[in-house]
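Now for the letters of each chain:
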Amino acid sequence: MTDILSYAGALDILGCERPRLAKAVERAAAVPPTGWGGAAVPAAGLVELRGEIVRYTEDTVRGVAARRGGDTRFVRTRRLAAAHAVIVASAYFEALGEESRPPVTLERLDHTRHPEAAERYAALVRSLLATGLPTPEPHRPYEETRRAVRLVHRRMSEALLSYARGLPVWGELPAGDRARLPALFADGPEAHALRVYDEDYRLLALDRPEFGRWSLAAEQPPPGAGLSRVARLLAELAPPRTGDRPVIHLVRLAAGALDQPLMAGREPPDDVTLPLLGEGYITPRCRVAELAGTAAEPPRPAARSWWAGQRALPDTEAFLVGHLTSLGATQAPLVVLGEPGAGKSTLVEVLAARLAGSEFLPIRVRLHDVVAESTVLSQIDQGLRTSLGEDVRFEELVEAGQGALPVVLLDGFDELVQAAGEGRHDYLEQIQEFQARQYRVGRPVAVVVTGRTVVADRVRFPDGLVVLQLRPFEEDQVRRWLDIWDQANRAVLARRDRAPLSAGDALAHPELATQPLLLLLLALHDATGDGVRGAGPIGRAQLYEALIRGFARREVARDASAIGLPPPRLRALVDRELVRLGAVALSMFARGRPVAAAAALDADLAALCGPGSGADRATRRFFFARRTSARRTGNGTDGYEFAHATFGEFLVGWLAVFAVRELVRRHDLTGGELAAAPAQDLDDDLLYAVTSFSCLAERGPIVGFAVELLAGLPARERERAVELLGVLLRESLYERRRRSFTAFEPVRRPVTRRLAAYSANLTLLIVAASAAPVRVSELFGGPDPLARWTSHAHLWRSQLGDGGWSGLLAAMPALRVSEHGERDILLGGPAEPPGGDGLGWWFGHGLGRRATVLRHRIRVFAERAYLLNPDTDLLADLLDEGADPPLLLRPRGRVASLPRLLRDLLTGEPLNPDDRLARYLDAITAATAPGLPPDARLLALIAHAVTIDGARLPFAGRGRIVSELLHAGADHALLRPLVEAMIAERFESWESLVEAGIPEDVLRKIHSP
């Protein structure tokens, strides 16, 4: 959301050279919003003021349009925004002339004729010239801006009428004229002002092309490649930069990736040619939303269904140009969301390359390469060090840029949030604060941040943030991409007597063909494998496996010793190649990094796959696995990485399922019955080595791939897998007499951590392989299975870290059911099974501001309750005053419970403000019981709740709640939204907040004025 300028602020930016106008506006801006007694009254009357404003618009704003050279990108942006503010205000003053025949002439309203109205005149001038004015924004159509301007003109008329009512002229008007004045103003000055504004807007857009990009484009261009129009549109705004200092050339060199293949890595197989990035990247189509907590429906950017109702962007490239040349780009990050393989990272890569030749300074930061807990500025410095291979600080780079506007491209916030857990739920707010600090010190910076849609519910979105969602390809985009593919590979296909892959054949697999990465893999599989024409439905995991198996089969076929081998033996050799490649992915996954040094991988592969299984051999001819430089590994030696994170995620999931199949195969080879096969006799060594270092749910797609691969197994094999995995789970926390693969240790973990990961992954695999939801009573069996479940859940919570635990909650919903008086836990299955005590009804209510994170926290809290304490009747606890929830601190006596507060908030029980305030204060007391440490989680929940519920509380009462929460030890950052809302409500912010009970030193920590 763009910071709105007033007419006074616009003149300050433009440098008004008309002394009388500047003085009048300066005096108006200096008047306090209340208490006019000491105000300096502008000397110019309305008639003179109107003439000065109209003449200034004609002389100066036209000069802004003509002024093209000498200014930096951001200076030009500010001047154009100021010019727009000027034409909004001046259009109304121009309309007050004789042409529109105002109902009361300005001469009769002049304060010089009514000295007693001097103070009221000062208030009028302030309302006309010192209040915020709307600015065009690239995600809004011009008609929306025009409606906002009309509302401004309506407020100006109301202010003028209010001023007139206090003058003698008002009493001289007939009663009928006084009643008709609002309508006369709307039909006269207001309507004429809008026509003047339209004409001035059109002229400004014609003179300055970037200004024309600030409103949402109306027409959809044909599918384009490589964001080529971005470069052309930017070139129209300013000439290419020359004479940059050497360090800037380093950044521009790092950004110049357009001549690299779509998936840079090793050479693709069988002479297939990958299109270049600048030619083969199809400009995505997007939906756009400005997140507002005041909306009727709370924003849910993690939900596909919510995005279906958001505005479609007709022209993504025009939007990007409009956004980056607008004020809003330096005041809040632009968030780009998409599914895995939707092209988020490629968009960042191409955009950086297109910006590199313009008046922007692109800085790309891969967030999976930085320390997740570090500050935004530190992450940028780390990203520069990785990309440039030398220590270059952000401040030094901006200074060397000599006015080029820095655009920081933070790629993959989902990986950062998953790595750091809930500790980074305010990451987007931290980015916005970083931008505000840089703006204050004269270094404005634009930020674009990308992430997976599914993780969007684990981060808080500030109000007013603009978010894009990358949409799947449409048919014309698929056809365009396949044409590019055909042009690059026509000769190869002709030599093999194969026709190009048609859009019809590709779109027979819509879930694959409409995602850019999967479409590339589909085309590659068609060109090098068995083809996809006329084949049955292909799943995502099937495509990955078929593609990788095809590469492995060709690699094995090159070995003379493999010629003539029977199919089972050949399949075993191919499986061995996939196991080696899976071990590479597992080694990276266990380390928590998408890149690993060659020496470390060599050691891990030798330990898991045997001698001679080095990283180079494992990745040879697999074009999506590539060598990377020492600066990427961070230890001074070269290493390896995958061209896209989903390759590694698939291989980890595939290796886990392979280990399960090996478990079943080896047990069946012995011919033993399950009842006679205690866990100690099952050969689970490979499964333990693969699944005991990290919880598979740390990366959600791993579980998804495992589910799809297990679903493809024969029913009998799946049943055997569930049975054997259940035996192992029941004995998973006991000591094992012997183990193989003990030398495989990519990271050193405590025994408790490895047992926690192993048992959690066994549970995940059981649920994934089962045809129906799994009951805990059947999973553990024996006496008191829920107690055993609870002990496992507490072990997982304590050992898996935030990423593993949160991923486990998301991947394995746990809901309690009651049948015939017996309680049980149901794992997996529908969100609200029959007879379940689920909380789905909570989330149908509109909770107002910042509801997304609150809903997420309550849901996680609910699932955590079912996991950690199956006996918790959570729903009854939240709605029943007599209940005593074990996970909520509620001292007995007069103190009301936090569940009572949540019940009142979520069910909308009518309460008067005093009673509502009392409930909040009681809840704070409940979270800070005497003799017990404060419950930080409950304090955070109260802070979110009072932010949502603030409008129904007295102003002073909110101040008291903030003071009490701070005294109890609540995090300052959690209270910032509430304090900022209070500041917005009262202009005399500091005094009123201090009077409301918030100490001034606390205010300075929470909010910088």
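Our subject in this report is the structure included herewith. (Residues numbered from 1 in each chain as written. Predicted model: local features only at pLDDT ≥ 70, side-chain atom pairs only at ≥ 80, totals over all residues. Heavy atoms only, no water.)

1. Here we look at the overall build of the protein chain
Counted only if it meets this: Helix numbers and strand numbers start at the N terminus; a helix is a DSSP run of H or I with at least 4 residues, a strand a run of E with at least 2. Here's how the labels work: a residue is buried when its accessible area is under 20% of the maximum for its type, exposed when over 50%, partly exposed in between, all with a 1.4 Å probe on protein chains only. Computed with a 1.4 Å probe, the accessible areas rest on the Shrake-Rupley method; for each residue, only the protein chains presented here act as cover.
Looking only at helices and strands, the protein chain has 46 helices and 15 strands in total. Within the protein chain, the fraction of its 1009 residues that count as buried is 57%. Carbon and sulfur atoms make up 51% of the accessible area of the protein chain, which amounts to about 40400 Å² in all.

2. Some words on the pattern of salt bridges
Our working rule: A side-chain nitrogen of Lys or Arg and a carboxyl oxygen of Asp or Glu constitute a salt bridge if their distance falls within 4 Å.
A complete count under the given rule lists 37 salt bridges for this structure. The closest approach of N and O atoms between R285 and E474, which form a salt bridge, is 2.9 Å. Within this pair, whereas R285 is found in the loop between α13 (277-280) and β3 (286-290), its partner E474 is found in the loop between β9 (466-470) and α21 (475-495), the two being separated by 189 residues in sequence. The partly exposed category is assigned to E474, whose relative accessible area is 26%. Between R666 and D683 there is a salt bridge; the shortest N-O distance is 3.6 Å. Placement of the pair is R666 in helix α30 (residues 645-670) and D683 in the loop between α30 and α31 (685-691), with a sequence separation of 17 residues. A network of salt bridges, in which partner residues are shared, links D414, E415, R452, E649 and R699.

3. Here we look at the pairing of β3
As a reminder, the rule being used: Two strands form a pair only when DSSP identifies at least two bridges running between them.
Across the five residues of β3, four count as buried, placing the element largely inside the fold. Sheet topology note: the β3/β9 ladder contains five bridges and is antiparallel. Looking across to β9, one finds that E290 is bridged to V466. As paired elements, β3 and strand β4 (residues 311-312) share two bridges and run antiparallel to each other. Within the sheet, the bridge partner assigned to V288 lies in β4 and is R311.

4. A few points about the side chain of R754
Heads up, the rule is: Contact between two residues is taken to exist if any of their heavy atoms lie within 4.5 Å; hydrogens are not considered.
Position of R754 among the secondary structure elements: in helix α34 (residues 751-769). In contact with R754, other than residues within four places in its own chain, are Y688, S692, F693 and R749.

5. What about the sheet that holds strand β11 (residues 625-628)?
Remark on secondary structure: sheet strands pair via backbone hydrogen bonds, oriented parallel or antiparallel. What counts, and what does not: Lines are fitted to the C-alpha atoms to define the axes, a helix being fitted only along its stretch in contact, and any angle between axes, read from their N-to-C directions, falls within 0 to 180 degrees.
Strand order in this open sheet of three strands is β10-β12-β11, and the pairing throughout is antiparallel. A strand with exactly one partner marks an edge of an open sheet, and here the two such strands are β10 (595-597) and β11. Within the sheet, the average angular offset between the axes of one strand and its neighbour, ignoring direction, is 30°. Pairing of β11 with strand β12 (residues 639-642), which is carried by four bridges, proceeds in the antiparallel orientation. Opposite R626, over in β12, you have E641 as the bridge partner. Across the sheet, helix α26 (residues 567-591) lies against β10 and β12, angled at about 95° from β12, the strand it touches most. Across the sheet, helix α27 (residues 598-609) touches β10 and β12, and the angle it forms with β10 is around 85°.

6. Observations regarding the side chain of D685
Using the following cut-off: Think of a polar contact as two N or O atoms within 3.5 Å of one another; within protein, one of them needs to be a possible hydrogen donor and the other a possible acceptor, and neighboring residues in sequence only count if both atoms come from side chains.
By the secondary structure assignment, D685 is in helix α31. Polar contacts involving the side chain of D685 include one to the side chain of R739, which spans 3.3 Å. Ignoring anything within four residues of it in the chain, the contact list for D685 reads R738, R739, S740 and F741.

7. Here we look at the sheet that holds β4
If you walk across this open sheet you meet the seven strands as β4-β3-β9-β5-β8-β7-β6, and the pairing is mixed. Each end of this open sheet is capped by a strand with a single partner; those strands are β4 and β6 (360-366). Pairing of strand β5 (residues 334-338) with β9, which is carried by three bridges, proceeds in the parallel orientation. Bridge pairing in β9 places V335 opposite V467.

8. Some thoughts on the packing of aromatic side chains
So the rule is basically this: Note on aromatic contacts: the rings of Phe and Tyr and the six-membered ring of Trp form a pair at centre separations within 6.5 Å, being stacked when their planes are under 30 degrees apart, edge-to-face when over 60 apart, and tilted otherwise. By definition, being over a ring means that NZ of Lys or CZ of Arg is both within 6 Å of the ring centre and within 35 degrees of the ring normal.
Under the definition given, this model contains 19 aromatic pairs. For the pair W306 and W307, a centre-to-centre distance of 5.0 Å together with 75° between the ring planes defines the contact as edge-to-face. Joined through ring pairs, the aromatic side chains of Y142, Y197, Y201, F211 and W214 make up one cluster. Between R540 and the ring centre of F705, over which it is positioned, the NZ or CZ distance is 4.1 Å. Stacked on the ring of Y688, the Lys or Arg R739 has its end atom at 4.0 Å from the ring centre.

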